[in-house]
Amino acid sequence: MFDERFGAKKVFGLAENQLVQGLLADRQAELAAARALVRDAARTYDETGAAALEASCAKYFCTEMAGRVADRAVQVHGGAGYMAEYAIERLYRDARLLRIYEGTSQIQQIIIARNIVKAAKDRM
């Protein structure tokens, strides 16, 4: 969504910077990976009725990725990215909360590790 407070020339001028383009490309690749993880978890659940490992992997990756994306967006916007008058500040705060809701990132790591260990023991 375009924010008139920045002005079209300033907002779209940012995207001409090669460093910003690199950040955009990185975020796009992470978004594609996140979507694949979510789809894999949903497919596994539909097929088996259980997807604890896949769901935890998706939740962990997606929420950490959202935090990285928001952090980079604040960085690109400089001081304005941290001001409450701009939408990016709110997105930054919201992204941080995603890592807490429905199990913190550390809880997701524990669930993932337990599933890996269990699968390894089951193969022995």
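Reference entry: report on the structure contained in this document. Everything numeric in this text was worked out from a predicted model, so none of it was measured.

Basis of the calculations
- Residues numbered from 1 in each chain as written.
- Predicted model: local features only at pLDDT ≥ 70, side-chain atom pairs only at ≥ 80, totals over all residues.
- Heavy atoms only, no water.
- Phe/Tyr/Trp six-rings, centres within 6.5 Å; stacked < 30°, edge-to-face > 60°.
- Lys NZ or Arg CZ within 6 Å of the ring centre and 35° of its normal.
- Axes fitted to C-alpha atoms, helices over the stretch in contact; angles between N-to-C directions.
- Helix = DSSP H or I, 4+ residues; strand = E, 2+ residues; numbered from the N terminus.
- Left-handed = near helix turned anticlockwise from the far one by under 90°.
- Contact = heavy atoms within 4.5 Å.
- Nonpolar A, V, L, I, M, F, W, Y, C, P; charged D, E, K, R; others polar.

Moving on: the packing of aromatic side chains. Inspection of the entire model under this criterion finds zero aromatic pairs. A cation sits over an aromatic face here: Arg68 above Phe61, 5.7 Å from the ring centre.

Our focus in this paragraph is the packing of helix H3 (residues 52–77) against helix H5 (residues 105–123). When two helices pack together, their arrangement is given by the angle between their axes and by how far apart the axes lie. At a closest axis distance of 9 Å, the pairing of H3 and H5 adopts a crossing angle of 145°. Our pair here, H3 against H5, has a crossing hand that is left-handed. Contacts between H3 and H5 involve Ala52, Leu53, Ser56, Cys57, Lys59, Tyr60, Thr63 and Glu64 from the former and Ser105, Gln108, Gln109, Ile111, Ile112 and Asn115 from the latter. Looking at the contact of H3 with H5, its residues break down into six nonpolar, six polar and two charged.

Here Glu30 is to be found in helix H2 (residues 18–48). For the pair Glu30 and Ala66, spaced 36 residues apart in the sequence, the C-alpha separation amounts to 9.2 Å. Every residue in contact with Glu30, bar those within four places of it in the chain, is listed here: Phe61, Met65, Arg68 and Val69.

Here we come to the side chain of Ser56. Note that Ser56 resides in helix H3. With sequence-adjacent residues up to four places away left out, Ser56 is seen in contact with Gln108, Ile111 and Ile112.

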